[in-house]
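# Fold and geometry: a report
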Amino acid sequence: MHINSTRLRELRNARQWSQEQLARLSGLNLRTIQRLESGARISMESLRALAAVFEVPAESLLAGEPNPRPSALQAMREGVLRGLEFTGTTPRAEFWWFALAVAMVLAFAQLLAEAMGPLPLQIASLAVLLPWIAACTRRLRDAGLNPWWQLISLAPVGGILVLLYLLTYPTKADSPVEASAG
């Protein structure tokens, strides 16, 4: 496991401690502190010692995502709860789990439509339309693309395929751009 070296430095600097002081307080070697602030791997014992000195949870000192990826059901639930929210972003995995939930709802409505007539499918289609557009808007923004790219789905034949391809783009590292993609 790797330590979040930036967080370690911030915690040390916030207390105005030198690396030597941190080493003495934690019982670690000065060279260990220097290596850890360079992003080296950390042992469980060193992690516990630093967490105790800073009075923070040990997990908060580790590098990586602070929140693990949500499960499939959590991602679907989040997509439903954010149904009409057009602001913000939606990560790629969460979006595709939501897309699966939409497909399952429409498939179930199709089964009902075969038994009861077209009304259940029409209601389900209308019920998922705005949440789908909102989710696509957030996903395109997360990929660094302009949400207006959704209009390409109105083009006959290949429009939907182009939109689905754009929705597979990875998350953009920096802030999303408001201009169209190049």
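Our subject is the structure that appears above.
In this text, all values refer to a predicted model and were calculated from it rather than measured experimentally. (Residues numbered from 1 in each chain as written. Predicted model: local features only at pLDDT ≥ 70, side-chain atom pairs only at ≥ 80, totals over all residues. Heavy atoms only, no water.)

Evaluated as defined, the whole model comprises four aromatic pairs. One aromatic cluster in this structure is built from F95, W96 and W132. (Phe/Tyr/Trp six-rings, centres within 6.5 Å; stacked < 30°, edge-to-face > 60°.)

Our focus in this paragraph is helix α1 (residues 5–14). Those residues of α1 not exposed but buried are S5, L8, L11 and R12. Buried residues in α1, looked at end-on, bunch into an arc of 130°, giving them a common side. Turned more than 90 degrees off the buried face of α1, the exposed positions are E10 and A14. For α1, the secondary structure elements touched by its buried residues are α2 (19–26), α3 (30–36) and α4 (44–54). Looking one or two residues past α1, Q16 carries a phi angle of roughly 55°, positive in sign. (Buried < 20%, exposed > 50% of the residue type's maximum accessible area, 1.4 Å probe, protein only. Helix = DSSP H or I, 4+ residues; strand = E, 2+ residues; numbered from the N terminus. Arc of directions from axis to C-beta. Contact = heavy atoms within 4.5 Å.)

Okay, the environment of M104 next. Counting through the fold element by element, M104 comes out in helix α6 (residues 92–116). Taking the C-alpha atoms as reference points, M104 and P156, 52 residues apart in sequence, are found 25 Å from one another.

Attention now goes to unusual backbone geometry. Backbone phi values are negative for most residues with the exception of glycine, while trans is the configuration of most peptide bonds. Not every positive phi belongs to a glycine, and Q16 is a case in point at roughly 55°. Along the chain, the position of Q16 falls in the loop between α1 and α2.

Along the chain, the position of R12 falls in helix α1. Sequence-distant contacts of R12, that is, excluding residues within four places in its chain, are made with W17, S18, Q19, L22, E37 and F54.

Bringing the pattern of salt bridges into the picture now. According to the stated counting rule, one finds three salt bridges in the structure shown. Of the charged contacts, one joins R12 and E37 as a salt bridge, the two residues approaching to 2.5 Å between their closest N and O atoms. Linking R12 in helix α1 with E37 in the loop between α3 and α4, this pair joins segments that are 25 residues apart in sequence. There is no split in this pair, since R12 and E37 are both buried. The partner of R82 in a salt bridge is E85, with the nearest N and O atoms 3.2 Å apart. (Salt bridge = Lys/Arg side-chain N within 4 Å of Asp/Glu carboxyl O.)

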